[in-house]
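A look at the structure
Below are the chains, spelled out letter by letter.
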Amino acid sequence: MKEFFGIGGFQRVPEGAWSWQHILFVSSMLVIMVALAIYLGRKNRDKELSVKNKVLIWAAILIDGFEFIKIFVTCYSNGIDSLRILLPLFLCSIQLITIPLAAFSKGRLKEASLDFVLTFGILGAIFGTVGATQNYNAYPVLSMPNVVSAITHCISGFASLYIIISKMESMKRENMIITLGILGGFTVAALIANLTLDYNYMFLMSHDGTPYVLLWNLVGGNPIFYAIGVIAIFVLYIVLFYQIYHWIKTKTFPFTKKKRQNQVEQ
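What you see is a predicted model, and the numbers here were worked out from it, not measured in a lab. (Residues numbered from 1 in each chain as written. Predicted model: local features only at pLDDT ≥ 70, side-chain atom pairs only at ≥ 80, totals over all residues. Heavy atoms only, no water.)

**Concerning the overall build of the protein chain**
Formally: In this text, helices come from DSSP runs of H or I with a minimum length of four residues, and strands from runs of E with a minimum of two, each type numbered from the N-terminal end. When accessible area is computed with a 1.4 Å probe and restricted to protein chains, residues below 20% of their type maximum are described as buried, those above 50% as exposed, and intermediate ones as partly exposed. By the convention used here, residues are in contact when the closest approach between their heavy atoms is within 4.5 Å. For the charge count, each Lys or Arg is scored as positive and each Asp or Glu as negative, with His and the chain ends excluded. Charged groups are reduced to one reference atom each: NZ for lysine, CZ for arginine, CG for aspartic acid, CD for glutamic acid.
Across its full length, the protein chain holds ten helices and zero strands. The N-to-C order of helical and strand elements in the protein chain reads α-α-α-α-α-α-α-α-α-α. Scored against the burial criterion, the 266 residues of the protein chain give a buried share of 42%. Sequence separation of 24 or more characterises 73% of the internal contacts of the protein chain that already satisfy a separation of 6 or more. Side chains of the protein chain carry 22 positive and 14 negative charges; the gap between the two charge centres is 11 Å.

Dropping the structure here:
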């Protein structure tokens with residue numbers, strides 16, 4: 001257990017990103033994530049909002065609970081100074097706040113939070129498991145940092161899929177400004193933390209071995225253009241997600257419904 005939690009430092013050599021251990025572990029986690037989302041989403045699709053919401057309440061409790069355990073154990077093992085790199089200021093970390101907001105808030109804030117989780121949940125699940133090469137190069141696959149990270153990222157992905165399958169989303173265009181506001185607030189906080197603590201929250205300072213390396217190379221390593229590019233990608237992703245969602249709703253679904261009606265009439 002000391003070795004799993006890394007108390008006193010890890011003795012095992014990390015298996016490394018894209019090793020069979022990495023691929024097997026994250027694939028198993030993603031399969032469980034998708035299976036649970038489909039099962040619970042279909043089960044609760046036609047039930048009252050209060051019933052649907054209970055699943056999100058559990059998701060909120062679990063994601064924050066696992067994150068708290070990780071922070072506590074890391075600080076216990078490596079000292080309180082390690083808190084500097086554990087603040088919830090990564091893009092995926094926003095779900096630690098938005099999933100509870102989606103579960104416990106009401107009105108327009110609840111709608112916007114549900115839409116935010118839907119928009120970024122799956123993206124975070126993929127990038128936080130398959131794409132987290134820096135973590136799997138630094139720690140053994142079956143260690144607390146990687147296991148808890150995989151769990152929390154998959155809870156985000158689960159919540160995203162569950163929301164769309166159980167039909168809890170609104171995706172109102174007027175709520176997009178709240179989504180952008182949530183993202184903007186965290187981005188400003190991450191920038192302040194990066195400059196104050198000399199860290200790389202939301203990967204705004206450098207790519208750090210993530211797929212952002214493509215953008216880093218595109219701007220020739222210029223830190224200002226790189227940070228602007230990262231923020232622009234966030235905004236563009238939100239706008240495109242909303243556009244594609246509404247295109248599917250207004251084009252594909254009505255067409256499919258009409259086609260089925262014609263087949264019944266024939």
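**A word on helix 3 (residues 49–78)**
Note the cut-off: For a helix, the expected span equals 1.5 Å multiplied by the residue count minus one.
Here helix 3 spans 43 Å end to end across 30 residues, near enough to the 44 Å set by a 1.5 Å rise per residue. Those residues of helix 3 that fall on the buried side of the exposure criterion are Lys 52, Asn 53, Val 55, Leu 56, Ala 59, Ala 60, Ile 63, Glu 67, Lys 70, Val 73, Thr 74 and Cys 75. In this structure, the buried side of helix 3 is in contact with helix 1 (2–5), helix 2 (20–44), helix 4 (95–104), helix 5 (107–129) and helix 7 (144–165). After helix 3 finishes, the residue Gly 79 shows a positive phi value of roughly 100 degrees.

**Concerning the state of the cysteines**
Convention followed: By convention in this document, the label disulfide applies to cysteine sulfur atom pairs within 2.5 Å.
What the rule picks out here adds up to zero disulfides. There is no disulfide at Cys 92, and the cysteine sulfur nearest it, in Cys 154, is 11 Å away. On the basis of relative accessibility, which here comes to 25%, the residue Cys 92 falls in the partly exposed class.

**Examining the environment of Pro 14**
Relative to the helices and strands, Pro 14 is located in the loop between helix 1 and helix 2. Between the C-alpha atom of Pro 14 and that of Leu 56, which follows or precedes it by 42 residues, the distance is 34 Å. Residue contacts for Pro 14: discarding those within four places in its chain leaves Tyr 136, Asn 137, Ala 138, Tyr 139 and Pro 140.

**Looking at the pattern of salt bridges**
Worth spelling out the cut-off: Whenever a carboxyl oxygen of Asp or Glu lies within 4 Å of a side-chain nitrogen of Lys or Arg, that contact is scored as a salt bridge.
Scanning all chains against the criterion turns up three salt bridges. Here Glu 67 ties to Lys 70 by a salt bridge, and the two come within 3.3 Å at their closest N and O atoms. Residue Glu 67 and its partner Lys 70 are both found in helix 3; the two are separated by three residues, about one turn of the helix. A residue is classified by how much of its surface remains accessible, and Lys 70, at 16% relative accessible area, is buried.

**Focus on helix 4**
With respect to burial, helix 4 is a largely interior element, seven of its ten residues being buried. Turning to helix 4, its buried residues number three or more, namely Gln 95, Leu 96, Thr 98, Ile 99, Pro 100, Ala 102 and Ala 103. Turning to helix 4, the residues buried within the fold contact helix 3, helix 5, helix 7 and helix 8 (176–197).

**What about the environment of Glu 169?**
Note the cut-off: As used in this structure description, the phrase polar contact means that two N or O atoms lie within 3.5 Å; if the pair is within protein, one of them must be able to donate a hydrogen and the other to accept it, and residues adjacent in sequence are counted only when both atoms belong to side chains.
The residue Glu 169 is located in the loop between helix 7 and helix 8 in this model. Sequence spacing of Glu 169 and Asp 115 is 54 residues, and the spatial spacing of their C-alpha atoms is 5.9 Å. Setting aside anything within four residues of it in sequence, one finds Glu 169 in contact with Asp 115, Leu 118, Ile 163, Ile 164, Tyr 245 and Lys 249. Separated by 2.6 Å, the side chains of Glu 169 and Tyr 245 make a polar contact.

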